[in-house]
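Examination of the molecular architecture
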Amino acid sequence: MTSPQVAAPGPAVPSLDLGGRTALVTGAAGGIGRACALRLASAGAKVRAVDRDAAGLETLAGSAAGLPGSVEPYVLDLTDLDAAELAAAGTDVLVNNAGLQRVAPLEEFPPDVFHTVLTVMLEAPFRLIRGALPHMYGQGWGRIVNVSSVHGLRASAYKSAYVAAKHGLEGLSKTAALEGAPHGVTSNCVNPAYVRTPLVQRQLADQARTHGVPEERVLADVLLRDSAVKRLIEPEEVAEAVAYLCGPQASFMTGTSLVLDGGWTAH
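This report concerns the structure included in the present document. (Residues numbered from 1 in each chain as written. Predicted model: local features only at pLDDT ≥ 70, side-chain atom pairs only at ≥ 80, totals over all residues. Heavy atoms only, no water.)

1. A word on unusual backbone geometry
The criterion, for reference: Strands are runs of DSSP state E lasting at least 2 residues, helices are runs of H or I lasting at least 4, and numbering of each runs from the N terminus. Each residue is placed in one exposure class: buried if its accessible area under a 1.4 Å probe, protein chains only, is under 20% of its type's maximum, exposed if it is over 50%, and partly exposed if it falls in between.
For Tyr158, which is not a glycine, the phi torsion comes out positive at approximately 75°. Of note, Tyr158 is situated in the loop between β5 (142–147) and α5 (160–180). On the accessibility criterion, Tyr158 (32% relative accessible area) is partly exposed.

Okay, here's the thing in structure tokens:
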């Protein structure tokens, strides 16, 4: 009786090595941004961690102690667009993650909040990309990862500013991909559904008030209603997708959206 054949191992998947690279992550003090900053630092990157929360950035920097790379706090309010563009100079990897949310019907949506959401979540990414591209083009390599959302592909009621910003970010990312390809620069979106972050936790009360249901029902009946996988995504899962798009195995991926929505858009 012959022994069963054992399949030869396939080619090794290249590990992510960002040694000598500088990464900039916005909204880095918590949630997805924090997870991305730590993941990229674990791959050896020098991470410029951008947020307006100075205390949160200091906590993040302490958590990065001992990693192959480093995390440098960079306190910045992204509504200062000129400062945002300057902050991106010399960046090899840019992760546009910062965001905010307001849940309200269109006719009641505060115009100033709509303006702020579009500024932080669409205009600031444009300025950050604009600031990063000269260095990326000069060296013939760069990675732009825009943390979009399932709401960049689908709309939900009562989230006019957020949905508009994420849809705009999708278009901006595609344009950057087309322009950056001849220069070795890729640009992609990562599109999670609801992630276990403070932003989502704050939405529970807002959604309960808007939809007129108890908070304990919001998660199952509103947030996860369209998801086949009935749980929140962890920030580390999103960070791993961001890391994948920065690695050599994703060098042919550009101008696309990597969807992590638990089956939401399968409907």
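2. Topic: the environment of Ala29
Filter applied, for reference: Contacts were defined at the residue level, with two residues in contact if any of their heavy atoms lie within 4.5 Å.
By the secondary structure assignment, Ala29 is in the loop between β1 (22–26) and α1 (31–42). Separated by 188 residues in the primary sequence, Ala29 and Arg217 have C-alpha atoms spaced 29 Å apart. Aside from chain neighbours lying at most four places away, what touches Ala29 is Arg34, Asp51, Asp53, Gly56 and Leu57.

3. Thoughts on the nonpolar core
The nonpolar side chains of a soluble globular protein tend to be buried with one another. Defined as follows: Here, the term nonpolar core denotes a set of buried Ala, Val, Leu, Ile, Met, Phe, Trp, Tyr and Cys residues that are joined through side-chain atoms within 4.5 Å.
If you look at the biggest cluster of nonpolar residues, it comprises 50 residues, and the most contacted ones within it are Leu18, Leu40, Val47, Leu60, Val93 and Val95. Aside from chain neighbours lying at most four places away, what touches Val93 is Leu18, Thr22, Ala23, Leu24, Leu40, Met136, Trp141, Arg143 and Cys246. Formed by 30 residues, the second largest nonpolar core is a distinct cluster that contains Ala98, Ala161, Tyr162 and Ala176.

4. Considerations on the packing of aromatic side chains
Defined as follows: Pairs were defined over the aromatic rings of Phe, Tyr and Trp, the Trp ring being its six-membered one, requiring ring centres within 6.5 Å. Orientation was assigned from the angle between planes: stacked under 30 degrees, edge-to-face over 60, tilted for the rest. Think of it as a cone above the ring: NZ of Lys or CZ of Arg counts as a charge over the ring if it is within 6 Å of the ring centre and within 35 degrees of the ring normal.
Throughout the structure, instances matching the rule amount to two aromatic pairs. Measuring from centroid to centroid gives 5.9 Å for Tyr194 and Trp264, while their planes differ by 25°, and the two rings are stacked. Residue Tyr194 is located in the loop between β6 (185–192) and α6 (198–211), and its partner Trp264 is located in the segment after β7 (257–260); the two are separated by 70 residues in the primary sequence. We note that Tyr194, like Trp264, is buried. Here the guanidinium or amino end of Arg21 rests over the ring plane of Trp141, the centre of that ring lying 3.9 Å away.

5. Structural notes on the pattern of salt bridges
The line we're drawing: For salt bridges, the criterion is a side-chain nitrogen of Lys or Arg within 4 Å of an Asp or Glu carboxyl oxygen.
For the structure shown, the criterion picks out ten salt bridges. Between Glu85 and Arg127 there is a salt bridge, and its shortest N-O distance comes to 2.5 Å. Of this pair, Glu85 sits in helix α3 (residues 81–87) while Arg127 sits in helix α4 (residues 111–139), and the two are 42 residues apart along the sequence. The residues Glu85 and Arg127 share a single accessibility class, namely buried. Linking Arg231 and Glu237 is a salt bridge whose minimum nitrogen-to-oxygen distance equals 3.0 Å. If you follow the salt bridges from partner to partner, you end up with Asp82, Glu85, Arg127 and Arg130 in one network.

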